[in-house]
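Examination of the molecular architecture
One-letter residues, chain by chain:
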Amino acid sequence: MARGVTELRKKEYLYFYIFLFSVFALTSCSKDFDKLPIMNSKQLEQTDISSHMEARIVGGKNLVYCSTFQLSWNELKNNIIKEDIKLNQEIDIVSKLNKGLSTKLDIDDKDYVAMVGMKKDNIVQTINTQLVKKFNPSTPKLIDELRNDDDILAYSYLYKSLKFAHKFEIIKNDIVFKDGTKSKNVSAFGLEEYSSNNHQKYRDLVDIIDYKSDLDFIIRLHSNTQSDEIIIANISPQDTLLKTLEMIDNRVKNGKQQSLAERDTLQIPKLSFNLSHSFSELTGKYLSNNNFTKYYISEAKQDITFQLDENGAQLE
């Protein structure tokens, strides 16, 4: 996983590098998960990957965000630099990341590893030990490619198993996603038509949190653990992801909750992707913080694998 290590000498100074790396995987319980091909995000012209929650939502484009890169940044900022991270060039996402809008407090301790350290302190070995201890021996391991004793690695990894108590139906006919004049048929799961006689077991799996119309609603899907839930929101978004999440949170808190009723239809698109993204706007940039001006960011990367289907979901 660790790659892009660089050692540079200039004016008889040794320049160190900082490596920010995070892994986020949300997959279904399907046995085909490991077969998902890795796709470089550069190949996706209509998809933006954001490192922070203040990303703008652009019409006609997908927006993907997960908090693990932010957790890596927080580790570097709070435990090594010990102040807001400053670069020798002004980059918009740096000020956003320094706000730390997502933290470890948002995640159950047993579900993640987020650490930072130097090569001389055996940070890679420490991370690998924690991954095995907290998860299992089959968890992906980091390869130590740090070259200099004072090289820094900031890393985060998230794992969570989510499964529905009852497998949802596969919707027979594809549902249509529209973007202006373009449309795309996608596979879906859910319930073709709810019947209390045939679908009573699903009644406790689905909460209709706030329903305004067939084009404006928020629902909750319950997983096999009481502390976890999946929120599906079909709404008109605000201009940023953060504002949209705040609006959804407000509607969740204040909505008039309902249960499934006779002849209700539930159609949720199946999602499946395995993305590798590099925040290239950060790489190669030197820090301007005191005592860290010899450091530059060698690599800033995030891997995101996501799959959601009738069985449930799993974070790896």
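Along each chain, the written sequence defines residue order, and numbers are assigned to residues from 1. Only residues with pLDDT of at least 70 are given local features in this predicted model, and only at 80 or more are side-chain atom pairs given and counted; all residues enter the totals for whole chains, interfaces and linings. Side-chain figures throughout are based on the complete set of non-hydrogen atoms in the structure, without hydrogens or water.

1. Overview of the overall build of the protein
- Each helix and strand counted, the protein has four helices and 19 strands in total.
- Working definition: with a 1.4 Å probe on protein chains only, accessible area under 20% of the residue-type maximum means buried, over 50% means exposed, and in between means partly exposed. A burial count over the protein gives 47% of its 316 residues as buried.
- Within the protein, contacts between residues at least 6 apart in sequence are counted, and of these 70% link residues at least 24 apart.
- Summed over its atoms, the accessible surface of the protein is roughly 17200 Å², and 45% of this surface lies on carbon and sulfur atoms. Secondary structure counts use DSSP, requiring at least four H or I residues in a row for a helix and at least two E residues in a row for a strand, with both numbered from the N terminus. Any two residues whose heavy atoms approach within 4.5 Å at even a single point are treated as in contact. Throughout, the Shrake-Rupley method with a 1.4 Å probe supplies accessible areas, and for residues the shown protein chains are the sole cover considered.

2. Brief notes about the sheet that holds strand β9 (residues 169-170)
- Only when DSSP finds a minimum of two bridges between them are two strands counted as paired. If you trace the three strands from one edge of the open sheet to the other, you get β9-β12-β16, paired in antiparallel fashion. Unpaired on one side and paired on the other, β9 and β16 (266-269) mark the two borders of the sheet.
- Direction of pairing for β9 relative to strand β12 (residues 188-191): antiparallel, over a ladder of two bridges. Bridge pairing in β12 places E169 opposite G190.

3. Thoughts on the pattern of salt bridges
- For salt bridges, the criterion is a side-chain nitrogen of Lys or Arg within 4 Å of an Asp or Glu carboxyl oxygen. According to the stated counting rule, one finds 19 salt bridges in the structure shown.
- A salt bridge links D48 to K61, with the nearest nitrogen and oxygen atoms 3.0 Å apart. Of this pair, D48 sits in strand β4 (residues 47-50) while K61 sits in the loop between β4 and β5 (62-65); the two residues are 13 residues apart in sequence, bridging distant segments of the chain.
- Judged by relative accessible area, D48 falls into the partly exposed class, the value being 26%.

4. Describing the nonpolar core
- Each nonpolar core is a collection of buried residues, namely Ala, Val, Leu, Ile, Met, Phe, Trp, Tyr and Cys, held together in the definition by side-chain atoms within 4.5 Å. Judged by nonpolar contacts, the single largest core of 22 residues is most densely connected at L76, L87, I152 and L282.
- Among the secondary structure elements, those contributing two or more residues to this core are α1 (68-81), α2 (92-98), β6 (112-118), β7 (152-158) and β18 (295-308).
- The greatest single-element share of this core, amounting to five residues, is contributed by α1.
- Leave out the neighbours within four places in its chain, and L282 touches F69, W73, L87, I91, I93, V94, I297 and A300.
- Listed in part, the 21 residues of the second largest apolar core include Y194, V206, F217 and F306.

5. Some thoughts on the environment of I209
- Mapped onto the elements, I209 comes out in strand β13 (residues 206-213).
- Residue classification places I209 among the buried residues on the basis of a relative accessible area of 1%.
- Sequence separation between I209 and Q257 is 48 residues, and the spatial gap between their C-alpha atoms is 4.4 Å.
- The residues touching I209, leaving out its near neighbours within four places in the chain, are I218, I219, R220, I231, R251, V252, G255, K256 and Q257.

6. Structural notes on the side chain of K285
- Tracing the backbone shows K285 in the loop between β17 (271-278) and β18.
- Charged residues are defined here as Lys and Arg on the positive side and Asp and Glu on the negative side; His and the ends of the chain fall outside this count. Here K285 occupies a buried position and makes no salt bridge, while the nearest side chain of opposite charge, E281, is found at 7.8 Å.
- For K285, the contacting residues outside a window of four places in its chain are L87, N88, Q89, I91, S280, Y295, Y296 and I297.

7. Things to note about helix α3 (residues 123-134)
- The end-to-end C-alpha separation of α3 is 16 Å, in line with the 16 Å expected for 12 residues at 1.5 Å each.
- Along α3, the residues classified as buried are I123, V124, I127, N128 and L131. For α3, the angular spread of the buried residues around the axis is 135 degrees, confining them to a single face. Every exposed residue of α3 that faces more than 90 degrees away from the buried side is listed here: Q125 and K133.
- Structurally, α3 contributes buried residues whose contacts are with β6 and β7. An expected span of 1.5 Å times one less than the residue number is assigned to each helix. Regarding the arc, it is the one traced by the directions from the helix axis to the C-beta atoms.

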